[in-house]
Amino acid sequence: MSNRLFLSNRKMELSSGKLARFADGSAVVQLGDTAVMVTAVSKTKPSASQFMPLVVDYRQKAAAAGRIPTNYLRRELASTDKEILTSRVIDRSIRPLFPAGYFYDTQILCNLLAVDGVNDPDVLAINGASAALALSDIPWNGPIGAVRVGLVDGETIINPTRKQLSSSTLNLVVAGAPQNQVVMLEATAENILQQDFCHAIKVGLKQTQHIIQGIQQLVKERGVAKRTVQKLYVAPEEIVECANNCVFRSYFFSSQRLASNKIYAVFTDSGHDKISRDEAINKIRLETEEQLKEKFPEAEPYEIIESFNVVSKDIFRNLVLNEYRRCDGRDLTSLRDIKCEVDMFKMLHGSALFQRGQTQVLCTVTFDSIESSVKSDVISTAVSGIKDKNFMLHYEFPPYATNEIGKVGGMNRRELGHGALAERALKPVIPQDFPFTIRVTSEVLESNGSSSMASACGGSLALMDAGVPVSSAVAGVAIGLITKCSLENGGIEDYRLLTDILVDLKLPGIPIKIVMEAIQQATETIHVPLSKRLRFVGPGAYNLKKLQAQTGVTVSQLDEETYSVFAPTPIAMHEAREFIRDICKDDQEVNLEFGAVYTATITEIRDSGVMVKLYPNMTPVLLHNSQLDQRKIKHPSALGLEVGQEIQVKYFGRDPTDGRMRLSRKILQSPATAVLKTLTDKNSIVLGGTIPQSSTSSQ
């Protein structure tokens, strides 16, 4: 059973009923030669969790790209960043459509069957998850459809190919529900106009309706009936009503107050901060729950807890909808106080502290050589075409940020997702030809809302503090939506947008330290003649490894004779410069003129010839017996040559195979005339300068 859809003249095929038939739902989605199989399974017995226990796993298989994994086991191991981020996109697209209170373990597995390197499989996986759930008996209020929208030369493109996406100024994923409702948006853009972005959303949403209709047709053909669940974990109306009207008597006064009134008093007291407000609400919660347990002894713990939550949310919702204000006293569009500091620590390449209300984020910037870029795995390279990633943002959310205790170490999906969100906000303003790898770290020190957007703001400040020539400052925007739904049809009856839009980061009075000159001073270019490369690198790159171990610098080869040296500090660069001079001090040479005659000094007598030097700091080279005299000799002593003696030799360049210097004394015994050259002690291995054009002088 399959259905073919055409999106902007490109065929997408949905099929089901052939693979993985033991799963509750299974679907295969194919676009071009890229195919993804998605399965959905949900238990029939409820979970002990007090939330929707949904797990989405998207796995990339190397076999799908005709590759073998490069790890030592030659098989897929832990999930990659790309897999986790794609899993989160799928989760955000389908989770909102599960019935409220559906606490049954549910697992969505996305298996990449084939990838052609042209079409990205992540959007196919979203549609596959939608089809698998819709074709199963799992309660789910779908289906949904998803497309990727690109913007190339002002033209919107649906599901662009990898080549088209590389030149697109927009990478937008739109997930839509029936009746043109948006479920999920995720985008990366390069400073496009607002109207272009809005138009792209509308075009993408229109295309998702075609996918939804195709899935609905498959469901109709299959004739699927949804299962009847044992129980939906929602708060009973009678307990909610009782929680709302719980009476509290004061020990000091004869007055009585309802629980709802006490909650309202806390929410309207702008003197509270996050912790004190939470403590006040928790105190009311404990008192209310005690009364509810007495009146409803057979009620489950979740019903008691959720009943209080319903009352609290209704009071907060009415405060926003009716009084147009928030808990901290602000109206719906006011900003929290913003404070910024830069250049926090002198030893860091860049640092910034961003404070918005009670959200505080410390961001740092670190530069390293281009060799430190992140290397993609083989399947991600096959899908995206990107092998190296020289800009990264790492986000950390320690438990103390919310006055809690928790496990520290490792990386969870939330941290990876929030870091990727801030990274996508900053990446478009980074110069593409920036000569270093950039790592931005964002550590949340305090959190009371939108720490990911604070990371984007703090990261922008830190980048400018580090002297990165960003094209513009970046500000993060957090928007909340408060709704009131109709009791008749469940539609939105009233709503308010709560904005905390951050101000422009070009703040007057905050200096932006430009340190590019210092960075350039910490980077030098070394010219090493091809004939001397072995001496510079050392056997098995021994010298380079020793240089990096002792000084911390990184040496990268730019071309056959040029190396780039990156040092984290000026001190390290100075140490590296001395190290390089030491290992190359016997390898410094001047540019020699082909066919010129030079005075050479004999340093050693050997059976095969004599070792000579043309200038003091030169490494001795062999002048073979065959080039010493017109006559054939077996040992240099036959000519009366001694150590320290000066002889005239003619220079014939270097051997093209091994770089050895070619000299001859024999040729000078012919009647041809020659110009004698004398050499000064100049270096040809140049540190941070230009290569000498000439180092000889006539005499």
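Residues numbered from 1 in each chain as written. Predicted model: local features only at pLDDT ≥ 70, side-chain atom pairs only at ≥ 80, totals over all residues. Heavy atoms only, no water.

Considering the overall build of the protein chain
Spelled out, the test is: Secondary structure elements follow DSSP: runs of H or I of four or more residues count as helices, runs of E of two or more count as strands, with numbering from the N terminus. Contact between two residues is taken to exist if any of their heavy atoms lie within 4.5 Å; hydrogens are not considered. Each accessible area is a Shrake-Rupley result for a 1.4 Å probe, and residues are judged covered by the shown protein chains and nothing else.
For the protein chain, the helix and strand inventory stands at 15 helices and 32 strands. Across the protein chain, the fraction of contacts at a sequence separation of at least 24, relative to all contacts at a separation of at least 6, is 67%. If you sum the accessible surface of the protein chain, you get close to 36,500 Å²; carbon and sulfur atoms cover 52% of it.

So, the confidence of the model for the protein chain
Regions with low pLDDT should not have their predicted coordinates read in detail. Put simply, the rule is: Confidence scores here are pLDDT values: one per residue, from the predictor, ranging 0 to 100.
Looking at the protein chain as a whole, its pLDDT mean stands at 79, while 78% of the residues score no less than 70. When pLDDT is averaged over each element of the protein chain, strand β4 (residues 34–42) comes out on top at 95 and helix α12 (residues 516–521) at the bottom at 32. Ignoring residues within four places in sequence, the model shows residues 250–256, a span with pLDDT below 50, making 7 contacts including any to other chains. Taken together, the stretch residues 680–687 has pLDDT below 50 and engages in 31 contacts with residues farther than four places along the chain or on a different chain.

Re the pattern of salt bridges
Close approach of charged atoms lets side chains of opposite charge pair. The line we're drawing: Throughout this description, the term salt bridge denotes a Lys or Arg side-chain nitrogen within 4 Å of a carboxyl oxygen of Asp or Glu.
Counting across every chain of the model gives 20 salt bridges. Linked through salt bridges whose partners overlap, the residues forming this network are D24, D137 and R227.

Quick look at the environment of M411
As for its placement among the helices and strands, M411 is situated in the loop between β18 (391–396) and α10 (413–426). Note: C-alpha distance between M411 and H394 (17 residues apart in sequence) is 9.8 Å. Those residues in contact with M411 that sit more than four places away from it in its chain are D81 and L416.

Concerning the packing of helix α6 (residues 259–267) against helix α8 (residues 301–323)
What counts here: Helix axes use the C-alpha atoms of the stretch in contact, all axes being lines fitted to C-alpha atoms, and the angles between their N-to-C directions lie in the range 0 to 180 degrees. Oblique is the label for any angle not covered by the other classes, which are roughly parallel (under 35 degrees), roughly antiparallel (over 145) and roughly perpendicular (65 to 115). By definition, any crossing whose near helix is turned counterclockwise from its far helix by less than a right angle is left-handed, and any crossing with a clockwise turn is right-handed. Lys, Arg, Asp and Glu make up the charged group, whereas Ala, Val, Leu, Ile, Met, Phe, Trp, Tyr, Cys and Pro make up the nonpolar group; the residues left over, Gly among them, are polar.
Across the interface, α6 lies against α8 with an axial gap of 10 Å and an inter-helix angle of 50°. Here α6 is positioned oblique relative to α8, judged by the angle of their axes. Where α6 crosses over α8, the two elements pack in a sense that is right-handed. Residues S260, I263, Y264 and F267 of α6 form the contact with α8, whose participating residues are F308, V311, S312, I315, F316, L319 and E323. Here the residues of the contact of α6 with α8 sort into 8 nonpolar, 2 polar and 1 charged.

What about the sheet that holds strand β19 (residues 437–446)?
Heads up, the condition is: At least two DSSP bridges between two strands are required for those strands to pair.
Taken in spatial order, the 5 strands of this open sheet run β13-β14-β15-β19-β18, and their pairing is mixed. The open sheet has two edge strands with one neighbour each: β13 (338–342) and β18. Adjacent strand axes in the sheet meet at a mean angle of 15°, parallel and antiparallel pairs treated alike. Relative to strand β15 (residues 359–368), strand β14 (residues 350–356) runs antiparallel, the two sharing 7 bridges. From the neighbouring strand, R356 faces β15, where its bridge partner is T359.

Examining a nonpolar patch on the surface
Convention followed: Here the term patch refers to residues with relative accessible area over 30% and no salt bridge, with like charges joined within 9 Å and nonpolar side chains (Val, Leu, Ile, Met, Phe, Trp, Tyr) within 5 Å. Burial status follows relative accessibility: with a 1.4 Å probe on protein chains alone, a residue under 20% of its type maximum counts as buried, one over 50% as exposed, and anything between as partly exposed.
On the surface, Y72, L73 and L77 cluster together to form a nonpolar patch covering roughly 360 Å² of accessible area. Inspection of the secondary structure assignment puts Y72 in the loop between β5 (54–59) and α1 (81–94). Look at Y72 and you get exposed, because its relative accessible area is 71%.

What to know about the nonpolar core
In globular proteins that are soluble, nonpolar side chains generally tend to be buried together. Which entries qualify depends on this criterion: Nonpolar cores were defined as sets of buried Ala, Val, Leu, Ile, Met, Phe, Trp, Tyr and Cys residues, with membership established by side-chain atoms within 4.5 Å.
Counting 55 residues, the largest nonpolar core has I90, I94, F98, I108, C110, L133 and W140 as the members making the most contacts within it. The element that contributes the greatest number of residues to this core is helix α2 (residues 121–134), accounting for 9 residues. If sequence neighbours within four positions are ignored, C110 has contacts with V36, M37, V38, D57, Y58, R59, I90 and A125.

Examining unusual backbone geometry
With omega at 5°, the peptide bond leading from G142 into P143 counts as cis. With respect to the secondary-structure elements, P143 resides in the loop between α2 and β7 (145–152). At A20, a position not held by glycine, the phi torsion is positive, near 50°. On the secondary structure map, A20 appears in the loop between β2 (10–15) and β3 (25–31). Unlike most non-glycine residues, N159 shows phi in positive territory, near 50°. By secondary structure assignment, the location of N159 is in the loop between β8 (155–158) and α3 (162–166). On the basis of relative accessible area, N159 is assigned to the buried category, the value being 8%.

Describing the sheet that holds strand β10 (residues 181–189)
Pairing in this open sheet of 4 strands is antiparallel, and the strands run β8-β7-β9-β10 from one edge to the other. What marks the edges here is a single partner per strand, and that holds for β8 and β10. Across the sheet, the mean angle from the axis of one strand to that of its neighbour is 20°, orientation sign disregarded. Note that strand β9 (residues 170–177) and β10 share 8 bridges and pair antiparallel. Each bridged residue has a counterpart across the sheet, and for L172 the counterpart in β10 is A187. Lying on the sheet, α2 is in contact with β7 and β9; it crosses β7 at an angle near 155°.

Some points on helix α11 (residues 451–465)
Defined as follows: Multiplying 1.5 Å by the residue count of a helix minus one yields the expected span of that helix.
Here α11 is 15 residues long and its end C-alpha atoms lie 20 Å apart, about the 21 Å a rise of 1.5 Å per residue gives. Along α11, 15 of the 15 residues are buried, which leaves the element largely enclosed by surrounding structure. Immediately downstream of α11, the backbone of G467 shows phi near 85°, a positive value.

Section: the packing of aromatic side chains
We apply this condition: Two aromatic rings from Phe, Tyr or Trp, using only the six-membered ring of Trp, form a pair when their centres are within 6.5 Å; if the ring planes differ by under 30 degrees the pair is stacked, by over 60 it is edge-to-face, and anything between is tilted.
In the structure shown here, the tally under the stated rule is 12 aromatic pairs. Arranged with centres 6.0 Å apart and planes meeting at 85°, the rings of F594 and F652 form a pair that is edge-to-face. Taken as a pair, F594 in the loop between α15 (570–584) and β25 (597–605) and F652 in strand β28 (residues 646–654) lie far apart in primary sequence, 58 residues in all. For F652, a relative accessible area of 25% corresponds to the partly exposed category. One aromatic cluster is present, built from ring pairs that chain together F98, Y102 and Y104.

What to know about helix α7 (residues 274–295)
Rules: Polar contact criterion, stated in full: a pair of N or O atoms within 3.5 Å, where within protein one must be able to donate a hydrogen and the other to accept it, and residues adjacent in sequence count only if both atoms are side-chain atoms.
An ideal rise of 1.5 Å per residue puts 32 Å on 22 residues; α7 measures up with 32 Å between its terminal C-alpha atoms. Among the residues of α7, R277, A280, I281, I284, R285, T288, E289 and L292 are the ones counted as buried. With a side-chain oxygen positioned 3.3 Å from the backbone nitrogen of I275, the residue opening α7 is D273.

Some words on the packing of α10 against α11
With their axes 9 Å apart at the nearest point, α10 and α11 run at an angle of 45° to one another. Classed by the angle they form, the pair α10 and α11 counts as oblique. Helix-helix and strand crossings are classified by hand; for α10 and α11 the assignment is right-handed. Of the residues in α11, those touching α10 at R414, H418, L421, A422, A425 and L426 are S451, S452, M453, S455, A456, G459, S460 and L463. Per-class residue counts for the contact of α10 with α11 are 7 nonpolar, 6 polar and 1 charged.

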